[in-house]
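Report on the structure
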Amino acid sequence: MRNFLNLKDIPSRDLKKILADAKKRKSLRKKLDNLEVDKGAPLRGKLLIQMFEKSSLRTRLSFYLAIKQLGGSTLTLRPDELHLSKDGESIQDTAKILSNFGSAFMLRTDNDKKLEEFKKYLSIPIINGLSPSSHPTQILSDIFTVEEIKKKPISSLNITWIGDFNNVLNSLIAASIKFSFKLNIGCPTKYKPSKKMIKYIENNKNKILIFDDAKKAVKGADVIFSDKVISMNDKVNKLKKLNQFKKFKINKKLMSLAKKDCIFLHCLPRGKEVDDNVFLSKQSKVWQQALNRVHVQKSILLYCLGKLR
Ligand code: CP
Ligand code: NVA
């Protein structure tokens, strides 16, 4: 049994194995409908319990299809219906019940400590479905999408992030170290990384460069990533922050400064950080990106449950 909490704690070879499995499984499903089960139903009899303390569309749907396609089932708990959220039950007791009833637990939370606390008491794997500090299932899946489209290992590509220093970027940084790719970050100086993150980057001697000029950050990019300027539960002066990011908007002009065949990716949901004529253009691969979550999360589930081929 293995957990999937943060990319930085998972060996590169395991991450690569997950992606290789996802590629094989995706290619075998070309003619199958969404709810048809993969040959051999490797997770038959398994129950994935999901809980979302914050909104979700894609993560919810993709984990639903992922476990179904592996022959298992899923149940989504509403935190407001649990004793846990009303201080009526401890994480320890909740975790014991989850472990007795389920096979794996996927948690989207607003508190990183909660993931650690659940991990301590669960005897089934726990998967981080987004926390304030990371979004590992998203980024592993995005690497899959990049390699699928570019038909090259991500280590040979220039990746750029334009946007806030947030949970998704933290996972992208961890991925750039695990998969050895060059990463340019374009972000206003005020929002640069924490000291802890800078230390992590320096200790890993990776090629990560930070720019306070979006135009410089996208130069030579094969892929441009972005995300909402204001994340869920981001307790900031929203108008002020949006204003500070005005020069970091992804528009046609900015895209034209990257490589000619540069693609645009965005985990969604989007705000005003990207123009429609980029988001809805041929360069944008956001719908393929969202669908690939199913394939990669299937292999993450198999990894966690010790069934990865
Ligand atoms: N990208 C992503 O995680 O989307 P949801 O918040 O809709 O799950
Ligand atoms: N950074 C965003 C990602 C949403 C999937 C957030 O945390 O709201």
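Structure first, text after, so check above.
Procedures and definitions
Residue positions within a chain follow its written sequence, with the count starting from 1. Chain A is the first chain written and ligand 1 is the first ligand written, with later ones labelled in order. It should be noted that, the model being predicted, local features are given only for residues of pLDDT at least 70 and side-chain atom pairs only at 80 or more, the latter also being counted only at that level, while totals for whole chains, interfaces and linings use all residues. The side-chain values count all of the structure's non-hydrogen atoms but skip hydrogen atoms and water molecules. Any residue under 20% of the maximum accessible area for its type is buried, any over 50% is exposed, and the rest in between are partly exposed; the area is computed with a 1.4 Å probe on protein chains only. Secondary structure elements are taken from DSSP: a helix is a run of H or I of four residues or more, a strand is a run of E of two residues or more, and numbering for both begins at the N terminus. Pairing between strands is defined by DSSP: at least two bridges between the two strands are required. In this description, a line fitted to the C-alpha atoms serves as the axis of each element, helices being fitted only across the stretch in contact, and the angle between N-to-C directions of two axes falls anywhere from 0 to 180 degrees. Contacts are residue-level and defined by heavy atoms, with any inter-residue pair within 4.5 Å sufficient. One heavy atom within 4 Å of a molecule or strand is enough for the residue carrying it to be called near that molecule or strand. Whenever two N or O atoms come within 3.5 Å, that pair is a polar contact, provided that in protein one can donate a hydrogen and the other can accept it, and provided that, for residues adjacent in sequence, both atoms are side-chain atoms. Surface accessibility in these figures is a Shrake-Rupley result with a 1.4 Å probe; residues are shielded only by whichever protein chains are displayed. Grid spacing is 1 Å over the protein atoms alone, the probe is 1.4 Å, and a cavity is where that probe fits but cannot get out, while a pocket is an open set with protein on both sides within 12 Å along at least five of seven lines and lining residues have an atom within 4 Å of a point. Cavity and pocket membership follows a simple rule, namely that a molecule belongs there if more than half of its atoms are within 2 Å of the grid points. Amino acids are sorted into nonpolar (Ala, Val, Leu, Ile, Met, Phe, Trp, Tyr, Cys and Pro), charged (Asp, Glu, Lys and Arg) and polar (every other residue, Gly among them). Oblique is the label for every angle not falling under 35 degrees (roughly parallel), over 145 degrees (roughly antiparallel), or within 65 to 115 degrees (roughly perpendicular). What makes a crossing left-handed is the near helix being turned counterclockwise from the far one by less than a right angle; a clockwise turn instead makes it right-handed.

Quick look at the pairing of strand S3 (residues 104–108)
Of all five residues in S3, five are buried, a share of seventy percent or more. Burial along S3 is two-sided: Ala 104, Met 106 and Arg 108 facing one way and Phe 105 and Leu 107 facing the other are all buried. Pairing between strand S1 (residues 47–52) and S3: five bridges, direction parallel. Residue Gln 50 lies in a different strand from S3, and its bridge partner there is Met 106. Note: S3 against strand S4 (residues 126–128), three bridges, orientation parallel.

Remarks on the sheet that holds strand S8 (residues 223–226)
Two pairing modes exist for strands in a sheet, parallel and antiparallel, and in both the strands are linked by backbone hydrogen bonds. Ordered in space as S7-S6-S5-S8-S9, the five strands form an open sheet in which the pairing is parallel. The open sheet terminates on both sides in strands that have one partner only, identified here as strand S7 (208–211) and strand S9 (263–266). Taken over all neighbouring pairs, the strand axes of this sheet differ in orientation by 20° on average, direction set aside. Relative to strand S6 (residues 182–186), strand S5 (residues 158–162) runs parallel, the two being bridged by five bridges. Bridging from a neighbouring strand, Ile 159 pairs with Leu 183 of S6. Where helix H6 (residues 167–178) meets the sheet, its contacts fall on S5, S6, S7 and S8, and the angle it forms with S6 comes to roughly 155°.

Some words on the site of ligand 2
Contacts to ligand 2 come from Leu 130, Asn 166, Asn 167, Val 168, Asp 227, Ser 231, Met 232 and Leu 268. Contact between ligand 2 and Asn 167: an oxygen atom at 2.8 Å from a side-chain N or O atom of the residue. Computed on the free molecule, ligand 2 has an accessible area of 270 Å², of which 96% lies beneath the protein chains in the complex. A molecule is said to occupy a pocket when more than half its atoms come within 2 Å of that pocket's grid points, and by this definition ligand 2 occupies the largest pocket. Here the residues of the shell around ligand 2 are counted per class, giving four nonpolar, three polar and one charged.

Some remarks on the packing of helix H1 (residues 12–27) against helix H12 (residues 286–304)
Packed helix pairs are specified by the crossing angle of their axes together with the interaxial distance, meaning the distance between the axes. The geometry of H1 relative to H12 is characterised by a closest axis approach of 8 Å and an angle of 125° between their N-to-C directions. By the angle class used here, H1 and H12 are oblique. Seen along the crossing, H1 lies across H12 with a hand that is right-handed. In contact with Asp 14, Ile 18, Leu 19, Asp 21, Ala 22, Arg 25 and Lys 26 of H1, H12 contributes Asn 292, His 295, Val 296, Lys 298, Ser 299, Ile 300, Leu 302 and Tyr 303. Tallied by class, the residues present in the contact of H1 with H12 amount to seven nonpolar, three polar and five charged.

So, the packing of H6 against helix H7 (residues 195–203)
Where H6 contacts H7, the axes come no closer than 10 Å and their chain directions differ by 15°. In terms of orientation, H6 and H7 fall into the roughly parallel class. Here H6 runs over H7; the crossing is left-handed. Facing H6, whose interface residues are Asn 170, Ile 173, Ala 174 and Ile 177, H7 presents Met 197, Tyr 200 and Ile 201. Across the contact of H6 with H7, the residue classes break down as six nonpolar, one polar and no charged.

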